Amino acid sequence: MREKLGFLVGILFLLCGLSFGRFVVEKNSLKVTSPEKIKGVYECAIGNFGVPQYGGTLIGTVVYPKANQKACKGFDEVDLSFKSRPGGLPTFLLVDRGDCYFTLKAWNAQKGGAAAILVADDKTEPLITMDTPEEENADAEYLQNITIPSALISKSLGDSIKKSLSGGEMVNMNLDWTEALPHPDERVEYEFWTNSNDECGPKCESQIDFVKNFKGAAQILEQRGYTQFTPHYITWYCPEAFILSKQCKSQCINHGRYCAPDPEQDFSRGYDGKDVVVQNLRQACFFKVANESRKPWLWWDYVTDFAIRCPMKEKKYTKECAEQVIKSLGVDLKKVDECVGDPEADVDNQVLKTEQDAQIGKGSRGDVTILPTLVINNRQYRGKLDKGAVLKAICAGFQETTEPAICLSEG
Ligand SMILES: *[C@@H]1O[C@H](CO)[C@@H](O)[C@H](O)[C@H]1NC(C)=O
Ligand SMILES: *[C@@H]1O[C@H](CO)[C@@H](O)[C@H](O)[C@H]1NC(C)=O
């Protein structure tokens, strides 16, 4: 029975998944400065982990290891170090795609002393965004410790670099993130696409940790008018033919219009997808009401307090618990309730309808398909979800001399 349910969930995701797809690969430029024959500007795709140096440039010299060329093992084991000596250029470690996660390659490169990792694609194809693994992983701890930036490069550029290196030439390059976030001005607009689900393993944990750690900076930036922040929530709709199915009934509200996957991927226990949609909606409504009373930053308090006081594990992921948190923050509960509306009704919900429209990309942004996603100045942020890394990216969105003090002190 479990397998059958899993299969149906799979179908639902597949159908839903088809309505998305314009995922934008955020790129930045990589400039080879020597040797002469391969000098030029190339595209590379920024990995979704590590710390890209938004607003900056990193200069280095490329090393392609003699052994362990896919970097799936630690470099200490093969007796090599890429730490640059005093006065030497930082090492950009070139490795081949395949055999293990991108994140493991980056971690091994970092431990080996590399300043950045370049992963050469193994076939000729458009560049993709290298992401963190989805599944729970015993070694997941190292993910948060990756600080070096990473970039995927095309097979042909990888081949040219290897050829130059094997011919005894030194390959130097700049990795340039100055163009990665456009339109610097005196205010940065950013969005955080998130989820109130707290039972999805490392991805959910890193989301809530980020909100807790970033809250202080986010509130200062917002209160002083340096940023305009908007939280967002992804929902799916149930395909017409399945509206009356058990799956859609447990995962959706408003008659199949807004759905979220079951938190534990098991319909027989715990909370259902529809519980997640309702809590997400309440968070979105909380923001709307707080924003109308000119205190949008209270969202950060609500989300962190809710995560602490109303976790699924303690069976407190409920309306009553949420309402206590809303009251404690002095926000108009009646207005929030009105905005949430009746989840059983066969009608549109204005807030969720607007959220679904916003999922579809406009201009340079692309569709939002991974959670969590941070969008800064209408471009999807790539890199790890960590206070320092995100602050660096937001700070790169200010025009020079207009950046707030927090960018100069903590950035
Ligand atoms: C990651 O960093 C933390 C804090 O610096 C440290 O305690 C932990 O041991 C590191 N984990 C790994 C796998 O290196
Ligand atoms: C929040 O309030 C500001 C100022 O009143 C407004 O410009 C902005 O559109 C509001 N944001 C949302 C998502 O309603």
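Criteria and thresholds
Residues numbered from 1 in each chain as written. Chains lettered and ligands numbered in written order. Predicted model: local features only at pLDDT ≥ 70, side-chain atom pairs only at ≥ 80, totals over all residues. Heavy atoms only, no water. Near = heavy atom within 4 Å. Polar contact = N/O pair within 3.5 Å; in protein donor to acceptor, adjacent residues only side chain to side chain. Areas by Shrake-Rupley, 256 points an atom, 1.4 Å probe, with all protein chains shown as cover. Helix = DSSP H or I, 4+ residues; strand = E, 2+ residues; numbered from the N terminus. Buried < 20%, exposed > 50% of the residue type's maximum accessible area, 1.4 Å probe, protein only. Pairing = 2+ DSSP bridges. Right-handed = clockwise from strand over helix to strand, strands pointing away. Salt bridge = Lys/Arg side-chain N within 4 Å of Asp/Glu carboxyl O. Lys, Arg positive; Asp, Glu negative; His and termini not counted. Contact = heavy atoms within 4.5 Å.

**Things to note about the site of ligand 2**
(1) Moving on: Every residue close to ligand 2 is listed here: Gln228, Thr230, Phe287, Asn291 and Arg294.
(2) Moving on: One of the side-chain nitrogen or oxygen atoms of Asn291 is found 2.4 Å away from an oxygen atom of ligand 2.
(3) Moving on: Relative to its unbound accessible area of 360 Å², ligand 2 is 45% covered by the protein chains.
(4) Moving on: Of all the secondary structure elements, the ones that give two or more residues to the shell around ligand 2 are strand 9 (227–233) and helix 6 (273–292).

**What about the site of ligand 1?**
(1) Moving on: Around ligand 1, the surrounding shell consists of Trp107, Glu141 and Asn145.
(2) Moving on: Within the side chain of Asn145, one N or O atom sits 2.3 Å away from an oxygen atom of ligand 1.
(3) Moving on: Protein contacts shield 37% of the accessible area of ligand 1, which totals 360 Å² for the unbound molecule.

**A word on the pairing of strand 9**
(1) Moving on: Burial of strand 9 is extensive: five of the seven residues sit out of reach of the surface.
(2) Moving on: Examined bridge by bridge, strand 8 (residues 188–194) and strand 9 share seven bridges and lie parallel to one another. Bridge pairing in strand 9 links Phe192 to Pro231.
(3) Moving on: Between the parallel elements strand 8 and strand 9, the chain passes through helix 4 (residues 202–223) in a crossover that is right-handed.

**A word on the pattern of salt bridges**
(1) Moving on: Within the structure shown, the criterion is met by 15 salt bridges.
(2) Moving on: For Lys162, the salt bridge is made with Asp96, and the minimal N-O distance between the two is 2.7 Å. Linking Lys162 in helix 3 (residues 155–166) with Asp96 in strand 4 (residues 91–96), this pair joins segments that are 66 residues apart in sequence.
(3) Moving on: Of the charged contacts in the structure, one is a salt bridge between Asp159 and Lys155, with a shortest N-O distance of 3.1 Å. Of this pair, Asp159 and Lys155 are both found in helix 3, four residues apart, which corresponds to roughly one turn of the helix.
(4) Moving on: Its relative accessible area of 35% is what places Asp159 among the partly exposed residues.
(5) Moving on: A relative accessible area of 28% means that Lys155 is categorised as partly exposed.
(6) Moving on: One network of salt bridges, with partners in common, ties together Arg97, Asp121 and Glu125.

**A short note on the side chain of Arg282**
(1) Moving on: The topology assignment puts Arg282 in helix 6.
(2) Moving on: Buried and without a salt bridge, Arg282 has Asp337 as its closest oppositely charged side chain, separated by 4.8 Å.
(3) Moving on: In this view, Arg282 contacts Tyr302, Lys319, Ala322, Ile326, Val336 and Val340; residues no more than four positions away in its chain are not counted.

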